[in-house]
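A structural walkthrough
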Amino acid sequence: MPDWFGLLGREVLRERRAALIAEACAWSVGLSDRPHHLRRRGRLVATGSTIGDRAATGQSLSGEEDGRLELGDARPGSFQDALNAVDADGTVYADRFDREVIEPFVRETCVLAADRARRTRPGRWAELLDDLGEDPADVDVAAVVRAGEWEEPLRTEAEHLVLAALGGTPLLEVESEGLPLSLVRAAEATARAAAAPPSPASEPDEGLSGALFLALAAVREAGLPSPVPPGDAGRLLAALGEQGLEPDEVAGVLPHLPLAPGTAERVCDLLPGL
């Protein structure tokens, strides 16, 4: 990344700091309702309480065998502590947060910075395009951002901004702050799903009708959100297994379940362990 673009990217990111914090709060909504897990002597176990129950009583959410070193020593029950906890399939919530919030936000920020560079620094922008072998008359800004590999340095910056603002704040307070925006995001997702063209596999095979009935019942009884996000793929697979579905039946019903983008792929990755 050229020094001048790195400075511009950080400038745009800091201008968008409030929006980043709002997205982080919205992402946290529902986290307190999830079952709490710890890894003990290498084995992932459910503690029998929810993340919210432990957070409300000031108990630690993260364990010593999982989590990120840079998130250690967090205040028990805080947002940072929740990020360092693990979900039902052993994934650290911080990894999900990076994938679902930090990465797309930074990507969008880089595109905005590139647009600003094109408008306010035309000479440097032209030199940059020349270095990357891009045609100024027909340039895809998002493609330029990918080619320039500008996102990685800003991800660390974005993580620091979030932790500085929310790290020590109780998780329940962060969730409360994020509730209005989370409802907006849910409405947007529903609108996008309604506008999407129907899937070619909209009707299940007759032989899968019984498996689909069990699968839909599993989603309801497990209390999974709709659509089921990728982070709940482990819970979804466990619920399907408890209903007696075989791996080939799971793969067959996935296109007909209310799943968010990426969830079906994550379930398929976990299928060998069913």
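Residues numbered from 1 in each chain as written. Predicted model: local features only at pLDDT ≥ 70, side-chain atom pairs only at ≥ 80, totals over all residues. Heavy atoms only, no water.

All right, on to the overall build of the chain then. Assigned secondary structure in the chain consists of 13 helices and two strands. Every one of the 274 residues in the chain was classed for burial, and the buried ones make up 42%. For the chain, long-range pairs separated by at least 24 residues make up 68% of all intrachain contacts whose partners lie at least 6 apart in sequence. (Helix = DSSP H or I, 4+ residues; strand = E, 2+ residues; numbered from the N terminus. Buried < 20%, exposed > 50% of the residue type's maximum accessible area, 1.4 Å probe, protein only. Contact = heavy atoms within 4.5 Å.)

Now for the pattern of salt bridges. Scanning the entire structure with this criterion turns up 12 salt bridges. A salt bridge links glutamate 151 to arginine 107, with the nearest nitrogen and oxygen atoms 3.7 Å apart. Residue glutamate 151 is located in helix H8 (residues 151-166), and its partner arginine 107 is located in helix H5 (residues 93-120); the two are separated by 44 residues in the primary sequence. Residue class for glutamate 151 comes out buried when judged on its relative accessible area of 10%. Since its relative accessible area comes to 37%, arginine 107 is described here as partly exposed. In this structure, aspartate 115 engages arginine 118 in a salt bridge whose closest nitrogen and oxygen atoms are separated by 2.9 Å. In this pair, aspartate 115 and arginine 118 are both assigned in helix H5, three residues apart and thus about one turn of the helix distant. (Salt bridge = Lys/Arg side-chain N within 4 Å of Asp/Glu carboxyl O.)

Running from amino to carboxyl end, helix H1 (residues 3-15) crosses H5 at an angle of 120°, the nearest separation of the two axes being 9 Å. When the axes of H1 and H5 are compared, the pair comes out oblique. The handedness of the crossing between H1 and H5 is right-handed. Across the interface between the two elements, Trp4, Phe5, Leu8, Gly9, Glu11, Val12, Leu13 and Glu15 of H1 pack against Phe105, Thr109, Cys110, Leu112, Ala113, Ala114, Arg116 and Ala117 of H5. Partitioned by chemical class, the residues of the contact of H1 with H5 number 11 nonpolar, two polar and three charged. (Axes fitted to C-alpha atoms, helices over the stretch in contact; angles between N-to-C directions. Parallel < 35°, antiparallel > 145°, perpendicular 65-115°, else oblique. Left-handed = near helix turned anticlockwise from the far one by under 90°. Nonpolar A, V, L, I, M, F, W, Y, C, P; charged D, E, K, R; others polar.)

Take helix H6 (residues 122-132) next. By the burial criterion, the buried members of H6 are Trp125, Leu128 and Leu129. Taken around the axis of H6, the buried residues stretch over an arc of 100°, which confines them to a single face. Away from its buried face, by an angle of more than 90 degrees, H6 presents the exposed residues Glu127, Asp130 and Asp131. Just downstream of H6, glycine 133 is the residue with a positive phi angle, here 75°. (Arc of directions from axis to C-beta.)

Leu20, Phe79, Phe97, Trp150 and Val162 are the most contacted members of the largest nonpolar core, which totals 47 residues. The element that contributes the greatest number of residues to this core is H5, accounting for 11 residues. Non-local contacts of phenylalanine 79, meaning those with residues more than four positions away in its chain, are made with Ala24, Trp27, Ser28, Phe97, Val162, Leu166, Gly167, Thr169, Pro170, Leu171 and Val174. One finds Ala215, Val219, Val228 and Leu254 within the second-largest nonpolar core, a separate group that totals 20 residues. (Core = buried A, V, L, I, M, F, W, Y, C linked by side-chain atoms within 4.5 Å.)

Let's shift gears to the confidence of the model for the chain. Of the residues in the chain, 89% reach a pLDDT of 70 or more, and the chain-wide mean stands at 84. Looking across the chain, the model is least confident in helix H7 (residues 141-148), with a mean pLDDT of 74, and most confident in helix H2 (residues 17-28), with 95. (pLDDT = per-residue confidence, 0-100.)

This paragraph deals with the packing of aromatic side chains. Applying the stated criterion across every chain yields a total of three aromatic pairs. Taking 5.0 Å as the distance between ring centres and 65° as the angle between the ring planes, the aromatic pair formed by tryptophan 27 and phenylalanine 97 counts as edge-to-face. Here tryptophan 27 is found in helix H2, whereas its partner phenylalanine 97 is found in helix H5, with 70 residues between them in sequence. Across this residue pair, the class does not change: tryptophan 27 and phenylalanine 97 are buried. Judged by centre distance (6.0 Å) and plane angle (85°), the ring pair of phenylalanine 79 and phenylalanine 97 falls under edge-to-face. With phenylalanine 79 in helix H4 (residues 79-83) and phenylalanine 97 in helix H5, this pair connects stretches of sequence that are 18 residues apart. Here phenylalanine 79 matches phenylalanine 97 in class, with each residue buried. Clustering of aromatic rings is evident, with ring pairs tying together Trp27, Phe79 and Phe97. Taking NZ or CZ as reference, arginine 16 lies 4.1 Å from the ring centre of phenylalanine 105, over its face. (Phe/Tyr/Trp six-rings, centres within 6.5 Å; stacked < 30°, edge-to-face > 60°. Lys NZ or Arg CZ within 6 Å of the ring centre and 35° of its normal.)

Inspection of the secondary structure puts serine 226 in the loop between helix H10 (209-221) and helix H11 (233-242). For serine 226, a relative accessible area of 60% corresponds to the exposed category. Sequence spacing of serine 226 and leucine 259 is 33 residues, and the spatial spacing of their C-alpha atoms is 6.9 Å.

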